[in-house]
Every structure is written in C-alpha cells, then in structure tokens.
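Chain by chain, the residues:
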Amino acid sequence: MDMAIDLGFAKPRQETRVVVAMSGGVDSSVVAALLHNAGYEVIGVTMQLYDHGAAVGRKGACCAGRDIHDARRIAAECGFPHYVLDYESHFRASVIDEFVDSYTSGSTPIPCIRCNQRVKFTEMLGMARDLGADCLATGHYVRRLEAREGAELHRAVDADRDQSYFLFATTRDQLAFLRFPLGAVPSKQETRALARKFGLTVADKPDSQDICFVPDGNYAALIQKLEPGAAEPGNIVDLSGRKLGEHQGIINYTIGQRRRLGIPTSGEPLYVVKLDPVSRRVTVGPRSALWIKEFRIDDINWLGHQSFVGRAQWRVAIKVRSTAESVTAHIKPDGPHSAHVVPEDPVWGVTPGQACVFYAPGSARVLGGGWICRKTDS
C-alpha cells in the first residue's frame, strides 16, 4: 500500500521536526517509519508509566519493559533518535490513583482517556515543544482535519478501529499541535502491511487488549493491592431492597454486569443497576431497569466552533460507551462545563465514570464530550 503523508506544514519536510509517541506496538511504529521515510525529521519518544521491571514478560501491557525495548529497536532499525521518559510518579498520581478511587466510589473509570488527557497530551506534548518540534504524532485511529475556524477532530476512516471516543478530552490547543497519520488508513490489515513493507519487527505483534497497568485484566486485585481494605463486603439486593445475597466488595461490580453476580440464577436474567459505596449495596434488576431517559455530565470539553452555552440545547449524536452505537440526543448546558443529556430514545447502561461523547449529526466530526456523573431518573 502506498500512503501519501503530508502533515500540513509549508516548510520542507527535512526541516520539519516531528516527535512520535511510540508505545512499542505496530501502530505507533508504523507512524514513525512512515514519517521517517517521507523525509521528516523524526524523534521517537516512549513514556515509562510504571515500574516496567515488574511488568517484563506480561502480555498486553503497552508500556512494559518489552515494549520499551521494541520501540527503541524500531528507532534504531529506521535510523532516528529515541528517548525514554520516566513519568511513573505523574502517571500514578494522575491516572492510577483516580482509577482506584473511582472503583471504590462505585464508578467505572476509563483510564486511557485520563492518560491521554493528563499525561500524553500534556507532558509529552510539552516535551515535544521543548525539543523544538513542529508537532506530536501518535498512532491513534482518528482524523484531524483543517477547517476555516481551526483544526477539527473526526472519526477514523476505519469505523472498527476508530478511537475518537477516547480522545474527546483533547483541547483545541492540543489538537493544533497533534497529528494522527493512521486516521485515514482503511483497516488494521493495511497498517500491518505497511509495517511489513518497512521491515518492522513488530509487524505481527498482537494488539494490547487490557489497560496497560492491568495487563491481566484483574482490576479488583490491583485495587486491593494498592488500597488494602477497599473490598469491603456488603449485600446484594433487588430493586425493592430485598436481600438476595452477599458480595466481597463493590469493586468487583460494574453497572450492566450480568455474569458472576454471586447470587443464584433462575428466571429472568439480572443485571447490576446501582452501586452504593456508602451502604456497600449492589442493586440488581432486570435489563429493562438499565434503560435511561436522562442523565447528567460534567467536566465537559467542547470542540464546537460556537460557544457551548450559546444555545439552550444542542442536538447531537452521542456514545455512552466506546462500543455502543451512536444515538441522537439533546445536550442542555447548565454551565460552561456541565449539562443534562436527554436522548431522543432511552439509552442502555449509562454508567457513572464513563464518557458521553458528542458527534455532529450525520457527520464524523467530534464535538467534545463529558463525564457521566449521575442519572436523573431510574
């Protein structure tokens, strides 16, 4: 596959310095190789986000020691400089601690969004500017398009790989400096074909499937390790408050969960519909109890060109989970960073701690999003 690369700068490519965020995986490695072969001055940077010595050999950890080694090797093979930056303490304070606090408070966090928001697109972006770079490029599957009013964030061409949900918190200033070369790639197969074309040793490396600091997917075990005593037992009750069983900590449950509830299963399937960290109660009910007509969001990042509070409401398409289909909804601002969301049809599985991302109706453009903080009905 031939792929034309133009980052949109007027000066010659050999005079355009690009810092590439390299995780050691195939996506960011292809971005670095593409830009290097296109004639740009590439500097590869990998962030050490936790004690990689303890993570060596774990599969699926994007910032483990093996992955740092892979990123360094790709840079050496291609012939551009590479640096490893230690952001372990900042990552712990900005991402991991909040992850633990969210689960213990009955929310379900998305640490990958917080990592982009608080570490990669702040610390790494600042470092790229300090290096005199013209932009920071990443391996995310999302598009950045230039418009008269400034850069816009759009979904990737490949809908199956689109990561716009995880990048809604990207600010206008950050978007002006960022570049996403893989947003126009039609499929992951094409990305791997490019890796083979460039002779990259990571061409067939599996994608990471779990959160980087929880490579085995056992969130509860990590939380108990970092905050002993977080898994306090409590009761499992139905919607009327009747006790059905007991649990060993609400950190083992998320809204919408159906399996491994710890209660006898017979008749209509039951789902987790509410988590109460104060009473330590897990409330379960039928699937119908998870259809929500309205909910509240805060910490909104707005990427629309018009003022967010300039209208009484915005009609947009929303996603309340990364894998959910988008649905039409009305966003009703009650401040510059908070709003009520009223879907035109009820949505299923609205979960505190998750993101609600806005898209322009009938368009791939991302208008921003916010964090689901509580429901206003049940």
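Residues numbered from 1 in each chain as written. Predicted model: local features only at pLDDT ≥ 70, side-chain atom pairs only at ≥ 80, totals over all residues. Heavy atoms only, no water.

1. Brief notes about the overall build of the chain
Okay, so step 1: When helices and strands are tallied, the chain shows eight helices and 19 strands.
Okay, so step 2: Relative to a compact globule of 378 residues, whose C-alpha radius of gyration would be 21 Å, the chain shows 22 Å and is just as compact.
Okay, so step 3: Within the chain, the proportion of its 378 residues that are buried is 53%.
Okay, so step 4: Pairs at least 24 apart in sequence give 65% of the contacts found in the chain among residues at least 6 apart.
Okay, so step 5: With an accessible surface of roughly 17,100 Å², the chain has 47% of that area assigned to carbon and sulfur atoms. (Helix = DSSP H or I, 4+ residues; strand = E, 2+ residues; numbered from the N terminus. Rg over C-alpha atoms; globule rule 2.2 N^0.38 Å. Buried < 20%, exposed > 50% of the residue type's maximum accessible area, 1.4 Å probe, protein only. Contact = heavy atoms within 4.5 Å. Areas by Shrake-Rupley, 256 points an atom, 1.4 Å probe, with all protein chains shown as cover.)

2. Here's the deal with the sheet that holds strand β9 (residues 243-247)
Okay, so step 1: Spatially, four strands are ordered β9-β8-β11-β10 in an open sheet, and the strand pairing comes out mixed. The open sheet terminates on both sides in strands that have one partner only, identified here as β9 and β10 (271-276). Pairs of neighbouring strands in the sheet enclose a mean axial angle of 25°, with direction left out of account.
Okay, so step 2: Inspection of the sheet shows strand β8 (residues 234-237) paired to strand β11 (residues 281-285) by two bridges, in the parallel sense. Residue pairing across strands places isoleucine 236 opposite valine 282, the latter belonging to β11. (Pairing = 2+ DSSP bridges. Axes fitted to C-alpha atoms, helices over the stretch in contact; angles between N-to-C directions.)

3. Some points on the packing of aromatic side chains
Okay, so step 1: In the structure shown here, the tally under the stated rule is 11 aromatic pairs.
Okay, so step 2: Ring centres 5.2 Å apart and planes at 70° place the aromatic pair phenylalanine 99 and tyrosine 103 in the edge-to-face group. Within this pair, phenylalanine 99 and its partner tyrosine 103 are both found in helix α4 (residues 88-104), separated by four residues, close to a single helical turn.
Okay, so step 3: Residues phenylalanine 168 and tryptophan 371 carry aromatic rings whose centres are separated by 5.6 Å and whose planes lie at 65° to one another, so their mutual orientation is edge-to-face. Placement of phenylalanine 168 in the loop between β6 (150-155) and α6 (172-177) and of tryptophan 371 in strand β19 (residues 365-375) is noted, with a sequence separation of 203 residues between them. In terms of burial, phenylalanine 168 and tryptophan 371 fall into one category: buried.
Okay, so step 4: Linked through ring pairs, Phe91, Phe99, Tyr103, Phe213 and Tyr219 together constitute an aromatic cluster.
Okay, so step 5: The ring of phenylalanine 177 is capped by arginine 129, whose NZ or CZ atom sits 4.5 Å from the centre of that ring.
Okay, so step 6: Arginine 155 extends its terminal NZ or CZ atom over the ring of tyrosine 359, reaching a point 3.8 Å from the ring centre. (Phe/Tyr/Trp six-rings, centres within 6.5 Å; stacked < 30°, edge-to-face > 60°. Lys NZ or Arg CZ within 6 Å of the ring centre and 35° of its normal.)

4. Focus: the pairing of β11
Okay, so step 1: Burial of β11 is extensive: four of the five residues sit out of reach of the surface.
Okay, so step 2: Alignment of β10 against β11, held across five bridges, turns out to be antiparallel. Looking at β11, one finds that tyrosine 271 is bridged to glycine 285.
Okay, so step 3: Hairpin connection from β10 to β11: four residues lie between these consecutive antiparallel strands, with arginine 280 at a positive phi of about 60°.

5. Considering the confidence of the model for the chain
Atom-level detail of predicted coordinates should not be read off regions where pLDDT is low.
Okay, so step 1: Looking at the chain as a whole, its pLDDT mean stands at 91, while 94% of the residues score no less than 70.
Okay, so step 2: Considering only residues more than four positions removed or in separate chains, one finds that residues 52-63, a stretch of pLDDT under 50, has 29 contacts. (pLDDT = per-residue confidence, 0-100.)

6. A few points about helix α3 (residues 65-78)
Okay, so step 1: Taking 1.5 Å per residue as the helical rise, α3 with its 14 residues ought to reach 20 Å, and the 20 Å between its terminal C-alpha atoms agrees with that figure.
Okay, so step 2: Of all the residues in α3, the buried ones are Gly65, Asp67, Ile68, Asp70, Ala71, Ile74, Ala75 and Cys78.
Okay, so step 3: Backbone geometry just downstream of α3 places glycine 79 in the positive-phi region, at approximately 95°. (Expected span 1.5 Å × (residues − 1).)

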